[in-house]
Amino acid sequence: MKIRKVEFFRSIYSVDDLPRPLEHEFVFSGRSNVGKSSLLNKLFGVKLAKTSSKPGKTRSINFYRVNNRYFFVDLPGYGYAKVSKEERRRWAKLIEGYFDRRPNISMCFILMDMRHPPNENDLKMLEWVKYYGFDFTIVLTKVDKLKMGERIKMRKVFKDVLSKYGEYYTVEFSAMTGEGLSDLLDILGMVTGDKS
Ligand code: GTP
Ligand code: MG
């Protein structure tokens, strides 16, 4: 798929404000600071999504409209230790409400930092996505920070932990070098049928 046009569409803090669905909806989810907004910016070719070295930057669900036909959705990150219980509850309610109301989600991209094995929160997110029956792709991020030997080791760690969740693609990605970008676009093309 080729990304020809991208617009910031809307930020929502409540599922009452969800926009009417488009042809496809793609979700980008993962731990706080894993690189969701950076990945979207790399895909878009412009810095539309706010990124920060401080975790917890994205608090709202952010909708971007791509090629006038698709929503790309930047979810707030989970698992940031310094967030209050109240905030965590708000997050869970927002995401659950969102999944509940979006049976049209075509693919969830679940991002995990390739330097660290999946943690409890990552697995919870996977269970959630499976429960809702969404297809998912695992994106291993920040691969520029690993030497090849570490990569080979971590590939196996992820495979061992995640294989019980069924069939999925894995993409090794770096927002810094652009590695994995064409794989992501291929997957998006496969799902949408837009092979341009
Ligand atoms: P929240 O909005 O807090 O959930 O974070 P996020 O998942 O959107 O992460 P974000 O894209 O803001 O990136 C967090 C930090 O990681 C920033 O300092 C980025 O520059 C850095 N980062 C993101 N992707 C990469 C990558 O591929 N390589 C390297 N080296 N750094 C990255
Ligand atoms: Mg973000």
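From a predicted model like this one, the values you see are computed outputs, not experimental measurements.

1. Re the packing of aromatic side chains
Centre-to-centre distance and the angle between the planes together describe a pair of aromatic rings.
Then comes step 1: Going through the model one piece at a time under the given rule, you end up with 20 aromatic pairs.
Then comes step 2: Each ring, one from Y131 and one from Y132, has its centre 5.1 Å from the other, and the planes form 85°; the classification is edge-to-face.
Then comes step 3: In textbook terms, an aromatic cluster arises when at least three aromatic residues are bridged by ring pairs, as seen for F9, F63, F71, Y78, W91, Y98, F99, W128, Y131, Y132 and F134.

2. Focus on helix α3 (residues 120–132)
Then comes step 1: For α3, which comprises 13 residues, the first-to-last C-alpha distance of 19 Å matches the rise-based estimate of 18 Å (1.5 Å per residue) to within 8%.
Then comes step 2: Among the residues of α3, those classed as buried are D122, M125, L126, V129 and Y132. Along the axis of α3, the buried residues cluster in a sector spanning 130°; they form a single face. α3 presents E120 and Y131 as exposed residues on the side facing more than 90 degrees away from its buried surface.

3. Regarding the sheet that holds strand β5 (residues 105–113)
The strands making up a sheet associate through hydrogen bonds between their backbones, and the pairing can be parallel or antiparallel.
Then comes step 1: Strand order in the open sheet formed by seven strands is β1-β3-β4-β2-β5-β6-β7, with mixed pairing between adjacent strands. Of all strands in the sheet, those bounded by a partner on one side alone are β1 (6–12) and β7 (169–172). Across the sheet, the mean angle from the axis of one strand to that of its neighbour is 20°, orientation sign disregarded.
Then comes step 2: The sheet contact formed by strand β6 (residues 136–141) and β7 spans four bridges and is parallel. Following the sheet pairing, I138 is matched in β7 by T170.

4. A few points about the side chain of D122
Then comes step 1: By the secondary structure assignment, D122 is in helix α3.
Then comes step 2: D122 gets classed as buried once you look at its relative accessible area, which sits at 0%.
Then comes step 3: Side chain to side chain, D122 and Y78 meet in a polar contact 2.9 Å long.
Then comes step 4: Excluding anything up to four places from it in sequence, D122 contacts R31, Y78 and M112.

5. What about a nonpolar patch on the surface?
Then comes step 1: Judged by side-chain polarity, F8, V46 and L48 come together as a nonpolar surface patch covering roughly 240 Å² of accessible area.
Then comes step 2: With respect to the helices and strands, the residue V46 is situated in the loop between α1 (36–44) and β3 (61–66).

6. A few points about unusual backbone geometry
Then comes step 1: Of note in the backbone geometry, N67 takes a positive phi value of approximately 50° without being a glycine.
Then comes step 2: Here N67 lies in the loop between β3 and β4 (70–74).
Then comes step 3: Residue class for N67 comes out buried when judged on its relative accessible area of 9%.
Then comes step 4: Of note in the backbone geometry, N68 takes a positive phi value of approximately 65° without being a glycine.
Then comes step 5: Position of N68 among the secondary structure elements: in the loop between β3 and β4.

7. A look at the pattern of salt bridges
Then comes step 1: Inspection of the entire model under this criterion finds 13 salt bridges.
Then comes step 2: The salt bridge partner of R4 is D194, with a shortest N-O separation of 3.7 Å. Of this pair, R4 sits in the segment before β1 while D194 sits in the segment after α5 (181–192), and the two are 190 residues apart along the sequence.
Then comes step 3: We classify R4 as exposed; its relative accessible area is 54%.
Then comes step 4: Classification of D194 by relative accessible area gives buried; the value is 11%.
Then comes step 5: Two residues, R90 and E87, come together in a salt bridge whose shortest N-O distance is 3.9 Å. Here the residue R90 and the residue E87 both occupy positions in helix α2 (residues 85–101), the gap between them amounting to three residues, near one helical turn.
Then comes step 6: The structure contains a network of salt bridges with shared partners spanning R151, R155, E172 and E179.

Calculation rules
Residue numbering note: each chain is counted from 1, following its sequence as written. Going through the entries in the order they are written, you letter the chains from A and number the ligands from 1. In view of the model being predicted, local features appear only for residues whose pLDDT reaches at least 70, and side-chain atom pairs are presented and counted only at 80 or more, with totals across whole chains, interfaces and linings using the full set of residues. The side-chain numbers reported here are obtained from all heavy atoms of the structure, hydrogens and water having been left aside. Each Phe, Tyr or Trp ring (for Trp, its six-membered ring) is paired with any other whose centre lies within 6.5 Å, and the angle between the two planes then decides the class: stacked below 30 degrees, edge-to-face above 60, tilted in between. Put simply, DSSP marks the helices as runs of H or I at least four residues long and the strands as runs of E at least two long, and each gets a number from the N terminus on. One less than the residue count of a helix, multiplied by 1.5 Å, gives the span that helix is expected to have. Exposure categories follow from relative accessible area, calculated using a 1.4 Å probe and restricted to protein chains: below 20% of the type maximum is buried, above 50% is exposed, and the middle band is partly exposed. In this description, one arc is meant: the one made by directions from the helix axis to the C-beta atoms. At least two DSSP bridges between two strands are required for those strands to pair. Angles run from 0 to 180 degrees between N-to-C directions of axes, and those axes are lines fitted to C-alpha atoms, restricted for helices to the stretch in contact. Under the rule applied, a polar contact is a pair of N or O atoms within 3.5 Å (in protein, one hydrogen donor and one hydrogen acceptor; residues adjacent in sequence only if both atoms are side-chain atoms). In what follows, a contact means two residues having at least one pair of non-hydrogen atoms within 4.5 Å. Exposure above 30% relative accessible area and no salt bridge define the residues that can form patches, which grow by joining like charges within 9 Å and nonpolar side chains of Val, Leu, Ile, Met, Phe, Trp and Tyr within 5 Å. A 1.4 Å probe and the Shrake-Rupley method give the accessible areas. Residues count as covered only by the protein chains that appear here. We define a salt bridge as a contact between a side-chain nitrogen of Lys or Arg and a carboxyl oxygen of Asp or Glu at a distance within 4 Å.

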